[in-house]
Amino acid sequence: MIKLKTVRFKNFLATGNRFLEVELDKEPMMLIVGKNGAGKSTLIDAITFSLFGKPFKKINKGQLLNTVNEKELLTEIEFSVGKAEWKVRRGIKPAIFEIYHNGKIINQDARSTDYQKYLEEGILKLNFKTFTQIVVLGSASFIPFMQLTANDRRIIIEDILDIGIFSVMKNLLKERIGALKEEITELEYNIKLLQEKIKLEEKYIEEMISSSDKKRESNLDKIKETEKTIAGIQSEIEGYQENVLFISASIVDQTSILKKNKDLDNYRSQIDKNLKKLNQDKKFFEDNENCPTCEQDIDADFKKRKLIDVEDDLDEMNEGLDKLVLEVEKVVTRISEITECNGKIQDQETLITRRYSDTQAHQTYINRLREEMSEYNLQEIDTNKKRLMENELDENKKSRLRYVEQRRYYDILNTILNDKGIKTRVIRKYLPVINKHVNNYLKDMDFFVNFQLDENFNESIKSRHRDDFSYYSFSEGEKKRIDISLLLTWRDIASMRNSVNVNLLILDEIFDASLDQAGVDDLMKLFNILKGTNLFVISHKLDILDDKFPSKITVEKVNNFTQLVQE
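My aim in this report is to walk through the structure given alongside it, one point at a time. (Residues numbered from 1 in each chain as written. Predicted model: local features only at pLDDT ≥ 70, side-chain atom pairs only at ≥ 80, totals over all residues. Heavy atoms only, no water.)

In sheet architecture, strand pairing relies on hydrogen bonds along the backbone and comes in two forms, parallel and antiparallel. One open sheet holds the 3 strands; their spatial order is β9-β10-β11, and the pairing between them is antiparallel. Since the sheet does not close on itself, it has two edges, and those belong to β9 (450-453) and β11 (468-469), each with one partner. Note: strand β10 (residues 459-462) against β11, 2 bridges, orientation antiparallel. Counted as the bridge partner of Ile461 is Phe469 from β11. (Pairing = 2+ DSSP bridges. Helix = DSSP H or I, 4+ residues; strand = E, 2+ residues; numbered from the N terminus.)

Our focus in this paragraph is the pattern of salt bridges. The tally for this structure, following the rule as stated, stands at 31 salt bridges. Salt-bridge contacts for Glu327 lead to Lys260; the nearest nitrogen and oxygen are separated by 2.4 Å. Here Glu327, found in helix α7 (residues 300-377), pairs with Lys260, found in helix α6 (residues 254-287); they are 67 residues apart in sequence, far enough to count as distant. Among the residues examined, Glu327 registers a relative accessible area of 24% and is labelled partly exposed. One salt bridge in this structure joins Lys344 and Glu340, with 3.9 Å as the shortest N-O distance. Here Lys344 pairs with Glu340, and both are found in helix α7, just 4 residues apart, close to one helical turn. Through salt bridges with shared partners, one network takes in Arg8, Glu21, Glu76, Glu78, Arg89 and Glu98. (Salt bridge = Lys/Arg side-chain N within 4 Å of Asp/Glu carboxyl O. Buried < 20%, exposed > 50% of the residue type's maximum accessible area, 1.4 Å probe, protein only.)

Bringing the side chain of Ser551 into the picture now. Within the fold, Ser551 resides in strand β14 (residues 551-558). For Ser551, a relative accessible area of 7% puts it in the buried group. Each residue touching Ser551, except ones within four places of it in the same chain, is listed here: Glu27, Met29, Met30, Leu31 and Glu567. (Contact = heavy atoms within 4.5 Å.)

In this section: the packing of aromatic side chains. For any pair of aromatic rings, the description consists of the separation of the ring centres together with the inter-plane angle of the planes. For the structure on display, the rule yields 11 aromatic pairs. On the basis of an interplanar angle of 65° and a centroid distance of 4.9 Å, the ring pair of Phe145 and Trp490 is categorised as edge-to-face. Of this pair, Phe145 sits in the loop between β8 (136-138) and α4 (150-160) while Trp490 is found in helix α10 (residues 476-497), placing the two residues 345 residues apart along the sequence. Residue Phe145 is classed as buried on the basis of its relative accessible area, which comes to 2%. Trp490 sits in the buried class, given a relative accessible area of 1%. (Phe/Tyr/Trp six-rings, centres within 6.5 Å; stacked < 30°, edge-to-face > 60°.)

Okay, here's the thing in C-alpha cells:
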C-alpha cells in the first residue's frame, strides 16, 4: 500500500516563498474551503507534480511557477510503500528531481525520463492516469472513468488488476515476432540468393573448364613478352650502373680535395692573423718613440732594425697569401667539377631506381598472371566453393523450418496475450466483484439501479422497472454518484489485489456542483465508514459542510499569495 504522508510546496502557483505543508495521513476526514481563486485545488497539483512531474490541471509546467518570484519552485512529498520510506523533491528554476529511499538519495546517473520511469514502475506501480482515477474525483481537469474511451478504461483496469504485465509481455512478443519475421524474410532472401549463386557457380565452372587452356596460353604469351621487357630494362640499368662507375672513378680525389679546402681555410686564417699582428707591430714602432709600458726611450737603431724585420715578414706573408689564393682557386674549381659529377651520378641512380620500380611492376604483373594460371589448374576449389554454398543453403532451409515453427508458437502466445485472451479471463473473473461493489455503493447513496460493466468495459444500467439507460441519461448529481461508486470500487479492487492501493482520497468540489442536501448526507454516511482512507474534500460551500468534518483547512489570499489556516 502507498501511504502518502506529507506534501509541502513553495513558489508553486499562487504560493509564496515560504513552504506550505499539508499532512496527508493525520486526519481521516479533512475539509478544504476558500473562495474561488484562493488556491484550494493547489494541493492536488502539488501532489501530482511531485509524483509525476505534471499538474492535475491542464496547464503548462511553466505556468506552475509563481509569477511574482519567478524562481525556486520546489515541492516535496513523503510517503511509504510497505516498510520503505520515500521522499520526492521536484523543482523549477533551478530544475530539481530527487528521489530519497530511507533518507538516502537514489543514484541520478540515468536520464530524467528513466528516473521518472523508475519512480512510476519500480516504486509507485502506477502512472498519472491510474493515480487520478483512484485518488481524485474532481469537477475540473478530472475525466471520470465513464467518460474515458474503451482503450483508456482498459488501461486503468489492467493497472488496478495488476495485469499490465501481460500487455508488456505482448509488446515484447510483438517485437520478437517482428524480429522473427525479419529473420524469416532475410532467410528467404538468402535462400534465393544462394540458389542463384549456385547456378552462377555451375555456369562459371563450365566456362572455366572450356576456356582455361585458352587463357593459360594467353597468359604464357604475356609472361614471355613481359620477361623480354624486364630483360631490356635490366640492360638499361646495367648501362646506368657503368656510367656511375665511370663518373665515380673521375672523382676519387673528392675526400682529399675537401680536406685540402678545409686546410687552406685554416692557413688563410693563420696568415690573416699573422698579418694583423705584423701590421700592429709596424704601427707601434712607427708611432712611438717611448715604450708605453716602461716609459723608456726606444733606441733608434733597434727601432730601425725592427721595422726592417717587420717589413720582411710582411712581404713574406703577402707572397704566401698570393700563393694560397691561387691554390684556393684551383681547389674551388675542382670542387665545382666534383659537385657536377655527383649530380650526374644522382641522375643515373634516379634512373636506376625508376627502372627497378618498372621491373617490380612487370614482375608483379607476371606473378598475377601465374596466379590466374594456378586458379585455372585448381578446378576442384571451384567445386568446393559450390559444395560450401550448397551446405549453406541446406542450413538456411533448416533455420527457416525452425523459425516457422517458432513463429507458430509465437502466434499461440499472441492469441493468449491479446485483449481477448488471458487478460479477458482475469477481467471476467473480477467483473462480478466490480459490478457488485459499484451497485453496493450506489445503494448506500440511495441510487437504486443495476449497473453492469461488460468485458469490453461498456456499461449497462437498468432501473427497477428494467428500463435501459446509459451513463449520459442521468442528471449531473446521479452521474456524480456513479463516478464516486466507481472510484471507491477501484480502491477496493486495488486493496484486494494489493497493487495500487493508496490511503488518500480527494474530492474536488464534488459537493458544490450537482449534489443536493440529501446527496451530501448520503455521501457523508458512506465516507464515515471508509477504513484506511484519508479523505480530503475541497469545497467553497462552508455553510453545508462545516459541521460534518472534524478538521478544516481554510485557504485564503494574503497579498496575492495563498495561505493555509488549519483548524
